[in-house]
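Spelled out, the chains give:
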Protein chains: 4
Amino acid sequence: MELNEKQRLILDAAEKLMAEKGFDGTSVRDIAEEAGVNLAMISYYFGSKEKMMEAMFAQRSGYYKLQLESMIRDKELGPMAKMERLIDQYIEKLMNHQAFHRVLVREQMVSGNKMITDHIQELKKQNQALIREIISEGQKKGVFKKNIDLPILMMTLIGTISQLLTTQHFYKEINGLQDMPADEFQKHIRKKLSLHLKKIFHAILSNEA
Amino acid sequence: MELNEKQRLILDAAEKLMAEKGFDGTSVRDIAEEAGVNLAMISYYFGSKEKMMEAMFAQRSGYYKLQLESMIRDKELGPMAKMERLIDQYIEKLMNHQAFHRVLVREQMVSGNKMITDHIQELKKQNQALIREIISEGQKKGVFKKNIDLPILMMTLIGTISQLLTTQHFYKEINGLQDMPADEFQKHIRKKLSLHLKKIFHAILSNEA
Amino acid sequence: MELNEKQRLILDAAEKLMAEKGFDGTSVRDIAEEAGVNLAMISYYFGSKEKMMEAMFAQRSGYYKLQLESMIRDKELGPMAKMERLIDQYIEKLMNHQAFHRVLVREQMVSGNKMITDHIQELKKQNQALIREIISEGQKKGVFKKNIDLPILMMTLIGTISQLLTTQHFYKEINGLQDMPADEFQKHIRKKLSLHLKKIFHAILSNEA
Amino acid sequence: MELNEKQRLILDAAEKLMAEKGFDGTSVRDIAEEAGVNLAMISYYFGSKEKMMEAMFAQRSGYYKLQLESMIRDKELGPMAKMERLIDQYIEKLMNHQAFHRVLVREQMVSGNKMITDHIQELKKQNQALIREIISEGQKKGVFKKNIDLPILMMTLIGTISQLLTTQHFYKEINGLQDMPADEFQKHIRKKLSLHLKKIFHAILSNEA
DNA sequence: GATGAATGAGCTTTCATTCAT
DNA sequence: GATGAATGAAAGCTCATTCAT
């Protein structure tokens, strides 16, 4: 679905505000004002507030589509190297779209938006299927352990990033990083996350000593 | 703060509904009806909807106070055993108060409720200080590694549990467990989480191998 | 259904305004203002604008219930006398509740309010069944003609009154009665209608030369 | 006023929808869609929704202009025959333009459209003046009674047709004619009305017997 | 001449809260 | 202490109309 300039403005504003205040806490009036468009445009373009969010999810959920296929076929990379790239991809995706991710976290358990959660579940499923290929490859080559619980390992991958993302304010404070410039801080936690998660994945997956 | 019967009913109802629909998505009418009390009681007892939620947090946030002190002083337990107990305590706490935890996840980033987030940060800080004692003990005894990034390790601990908790529907489906009875499923994921997290903690903390 | 003072005020205001501007042409704001009550009271008491009108119809439709039963059993009255009383009853009913009747005329063909039109049809049916008894009695006694098309006769009865009622402004003008006081004019047209309709009924029903 | 193809389409659509839902219950969007034209065309061609209805009335009100003049001058016809033709003309006019007549009934009492009601009143006046000529002729020839209240007789004429027209659904049901084909039913009620109204006019007007 | 985009005003309804008792 | 009634504010949405092209 192609979006025009106004529609983009609206979804950006909605994403920003809903990341802060949630779907119900954000009024279409607020969104219209933030986007600098007329209030009626939201109904005009999307039909309703609800459908506007669906459009936002349809637009953004591509974020969760990783570039896995080409990497998986890459003969140059060993299974563990692939997993490491995977980790970095997840970190990049989630950190680069923090606002949208917050919206997702806030609304993912809402009963109403069945359509949306189903779509996201589908993406997760596809991702997991591809990742399972890497693991199978690693197990065939003997570099990965036999018994690997991928779903729960994914919980750790996404859960850790997500937790840091939603509590970064607290993380800053506890580590005395309040004065670190924002972009430097972002780099800092990406690096931290990357090292930490790779260590964990290594421990869980690797067959060596 | 002591709560009378009606106040308890109200907070229980609020917790249940807000876990599903969030703070803004839940009206005081809904809460009053779910609690079986008069609509005006909520303002009457708590002053406002906002203050009602603050009361709920004040009440429930004790959930996050772990029984760490006595355990830490326990001379019978080694540092790793203590960490394992810690993991199980977190799992128990979060899983036993899923509804409240969902409310927390949904609302933790709300700008307005500074008071609440501050309170939770304070609890987390206290917990981390105690846990740091265990780690120092392990390091002194030479059973733990020297360089340990506790804050990020906590992100993995809480993040993994929280992620499973908020996406358990998806987890059920992907693992073909839709027909497993609810309480059995709860036991199942606690066990899974416990083993998984202990493996991770072992890999991150332990000096052996 | 019992109505309290406020509810009565609301329905009276709604009736008045809808008689002038119709259902869709009358806003709940207008009604609230006319009734001197808060805007939200309408939803509070009736649930919605639509349901408010249903309540109005439920309240008012009793107007169309004539006092026929006792009259029919009256042994003192001949069939034609009964029909004449019937005519006067209809004139009284419709003229005494002009505002409501206008609402009815304006909305009776609305597709949506099935419930309401059904109710009114039911009342009409009941009335016609009773009137048919009078006619049968007249036919048995030989004072009424054999072939009488009651439904179309009722069209003339109600149609004539209704037409005068909805075009009384024009009637006034064409007859040069603009200066006649309102209540006198009302009396005038009732008398006119009464004589006119009785003449018609006599011609249609009576068996005499 | 000459109408082009699109304007005709618009007025036809408007007539159809307003007959069902009234002026306020019909949006210009609905009309544009029903007519298959662009939304902006309505304002473009007619200036406004209100003026569009005025155009519709200007167009349609010719319906109420009867072909009376030539008939009145017809030397072959007696006064009663003329009145009978008049009745049939009215039946034809109203039944052939039911949709427009419903719009008229629904909106005839609207305060705002002074211009429209005035126009219709003018037409009625002209009609009545012509009809009065017929009656005078009949009275001169001694075939009509002396005291004849024409305005109220017209109420019966128009009121009866109009009442049947607006409650034909009910009439169908009460007479068990739900299964009669639509056009046959239309013929049926025209015949019924014609006979019935002629009987009434005869009784009111004729000097014989 | 014709139209998709845009808009300000208004709609009905629901909200959290307060009032009178 | 407890509650049904009441209320101002704000919500999401639709309206007839106008604008830029």
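Throughout this description, residue numbers start from 1 for each chain and increase along the sequence as written. Each chain gets a letter, beginning with A, and each ligand a number, beginning with 1, in the order they are written. Local features in this predicted model are restricted to residues of pLDDT 70 or higher, and side-chain atom pairs are both shown and tallied only at a pLDDT of 80 or more, whereas totals for entire chains, interfaces and linings draw on every residue. The basis for the side-chain values is all heavy atoms of the structure; hydrogens and waters are excluded.

### Digging into the overall build of chain A
Right, on to step 1. Secondary structure follows DSSP: runs of H or I at least 4 residues long count as helices, runs of E at least 2 residues long count as strands, and numbering of each begins at the N terminus. What chain A contains, in helices and strands, is 11 helices and zero strands.
Right, on to step 2. Dimensions of chain A, computed from C-alpha atoms along their principal axes, come out at roughly 65 × 40 × 30 Å.
Right, on to step 3. Using a 1.4 Å probe on the protein chains alone, a residue whose accessible area is under 20% of its type maximum counts as buried, one over 50% counts as exposed, and one in between counts as partly exposed. Across the 209 residues in chain A, those meeting the buried criterion constitute 52%.
Right, on to step 4. Contacts are assigned to residue pairs with any non-hydrogen atoms lying within 4.5 Å of each other. For chain A, the proportion of contacts with a sequence separation of at least 24, taken over those separated by at least 6, is 71%.

### Focus: the protein's contact with DNA strand E
Right, on to step 1. Throughout this document, a residue counts as near a molecule or strand when at least one of its heavy atoms sits within 4 Å of that molecule or strand. Taken together, 31 residues lie near DNA strand E, and Asn38(A), Tyr45(A), Lys49(B), Arg29(C) and Asn38(D) sit nearest.
Right, on to step 2. Counted by atom, the contact set of DNA strand E within 4 Å of the protein is 59% sugar and phosphate.
Right, on to step 3. At a separation of 2.9 Å, a phosphate oxygen of DNA strand E approaches a polar backbone atom of Val28(C).
Right, on to step 4. Pairing of N or O atoms within 3.5 Å defines a polar contact, subject to two protein rules: one partner must be a possible hydrogen donor and the other a possible acceptor, and residues neighboring in sequence count only if both atoms are side-chain atoms. Residue Arg29(C) places a side-chain N or O atom 3.5 Å away from a base oxygen belonging to DNA strand E.

### Considering the relation of the copies chain B and chain A
Right, on to step 1. Only residues with pLDDT of at least 70 in both copies contribute their C-alpha atoms to the least-squares superposition of the copies. The two copies are related by a screw motion: chain B maps onto chain A through a turn of 180° and a shift of 0.0 Å along the axis, at an RMSD of 0.1 Å. These values place the two chain copies in the arrangement generated by a two-fold rotation axis.
Right, on to step 2. A shared interface surface links the copies, since 98% of the contact residues of chain B are contact residues in chain A too.

### Some details on the interface of chain B and chain A
Right, on to step 1. Contact residues are listed per partner, giving 43 residues for chain B and 43 residues for chain A.
Right, on to step 2. Each of two parts loses accessible area, computed with a 1.4 Å probe, when they are put together; buried area is these two losses added. In this assembly, chain B packs against chain A so that about 4100 Å² is buried in total across both faces, 62% of it on carbon and sulfur atoms.
Right, on to step 3. The salt bridge criterion pairs a side-chain nitrogen of Lys or Arg with a carboxyl oxygen of Asp or Glu, the two atoms within 4 Å. On inspection of chain B and its partner chain A, the count reaches six salt bridges.
Right, on to step 4. Close ionic contact of Glu173(B) with Lys125(A) constitutes a salt bridge, the shortest N to O distance being 2.8 Å.
Right, on to step 5. One can count 11 residue pairs in polar contact (both at pLDDT 80 or more) joining chain B with chain A.
Right, on to step 6. Sort the elements by how many residues they give to the side of chain B that touches chain A and helix H9 (residues 150–166) of chain B lands first, with 12 residues.
Right, on to step 7. Each residue is assigned to one of three groups, with Ala, Val, Leu, Ile, Met, Phe, Trp, Tyr, Cys and Pro labelled nonpolar, Asp, Glu, Lys and Arg labelled charged, and all others, Gly among them, labelled polar. In terms of residue class, the side of chain B that touches chain A is built from 16 nonpolar, 15 polar and 12 charged.

### Quick notes on the relation of the copies chain D and chain C
The operation relating the pair of chain copies consists of a rotation about an axis and a translation along that axis.
Right, on to step 1. Taken as rigid bodies, chain D and chain C are interconverted by a rotation of 180° and an axial shift of 0.0 Å, the fit giving an RMSD of 0.1 Å.
Right, on to step 2. Of all interface residues in chain D, 100% are interface residues in chain C too; the two copies therefore contact each other through one and the same surface.

### Some details on the domain arrangement of chain A
Where the parts come together, the accessible area they lose is often given as the size of the interface.
Residues and elements named next belong to chain A.
Right, on to step 1. According to the domain assignment, chain A consists of domain 1 (5–49) and domain 2 (65–205).
Right, on to step 2. Domain delimitation follows an automatic or database domain assignment. The centre of domain 1, based on its C-alpha atoms, is set 29 Å off from the matching centre of domain 2.
Right, on to step 3. The interface of domain 1 with domain 2 comprises seven residues on the first partner and six residues on the second.
Right, on to step 4. Linking domain 1 with domain 2 are zero salt bridges, by the criterion used here.
Right, on to step 5. At the surface where domain 1 touches domain 2, the tally comes to two residue pairs in polar contact (both at pLDDT 80 or more).
Right, on to step 6. The residue inventory of the side of domain 1 that touches domain 2, partitioned by class, reads three nonpolar, one polar and three charged.

### Considering helix H1 (residues 5–25) of chain C
Residues and elements named next belong to chain C.
Right, on to step 1. A rise of 1.5 Å per residue sets the reference length of H1, with its 21 residues, at 30 Å; its end C-alpha atoms lie only 25 Å apart and thus fall more than 12% short of the reference.
Right, on to step 2. If you look at H1, its biggest bend is around 95°, right at Ala 19.
Right, on to step 3. When we look at burial in H1, the residues that qualify are Gln 7, Ile 10, Leu 11, Ala 13, Ala 14, Glu 15, Leu 17, Met 18, Ala 19, Gly 22 and Phe 23.
Right, on to step 4. Where H1 is buried, its residues touch helix H2 (28–35), helix H3 (40–46), helix H4 (49–60) and helix H7 (98–107).
Right, on to step 5. Of the residues flanking the start of H1, the one acting as N-cap is Asn 4, its side-chain oxygen 3.1 Å from the backbone nitrogen of Lys 6. The span you would expect from a helix comes to 1.5 Å times its residue count less one. Fitting axes to the seven residues ending at a residue and to the seven starting there, one defines the bend at that residue as the angle between these axes.

### Brief notes about the interface of chain D and chain C
Right, on to step 1. Taken residue by residue, the interface counts 43 residues in chain D and 44 residues in chain C.
Right, on to step 2. For the chain D and chain C pair, buried surface summed over both sides reaches about 4100 Å², with 62% attributable to carbon and sulfur atoms.
Right, on to step 3. Put simply, chain D and chain C have six salt bridges between them.
Right, on to step 4. Put simply, Asp149(C) and Lys192(D) hold a salt bridge, and the shortest N to O gap is 3.2 Å.
Right, on to step 5. At the junction of chain D and chain C, the tally comes to 11 residue pairs in polar contact (both at pLDDT 80 or more).
Right, on to step 6. Partitioning the side of chain D that touches chain C into residue classes produces 17 nonpolar, 14 polar and 12 charged.

### Looking at the side chain of Thr167(B)
Right, on to step 1. By the secondary structure assignment, Thr167(B) is in the loop between H9 and helix H10 (168–174).
Right, on to step 2. Once residues within four sequence positions are removed from consideration, Thr167(B) is found in contact with Gln108(A), Lys124(A) and Met155(A).

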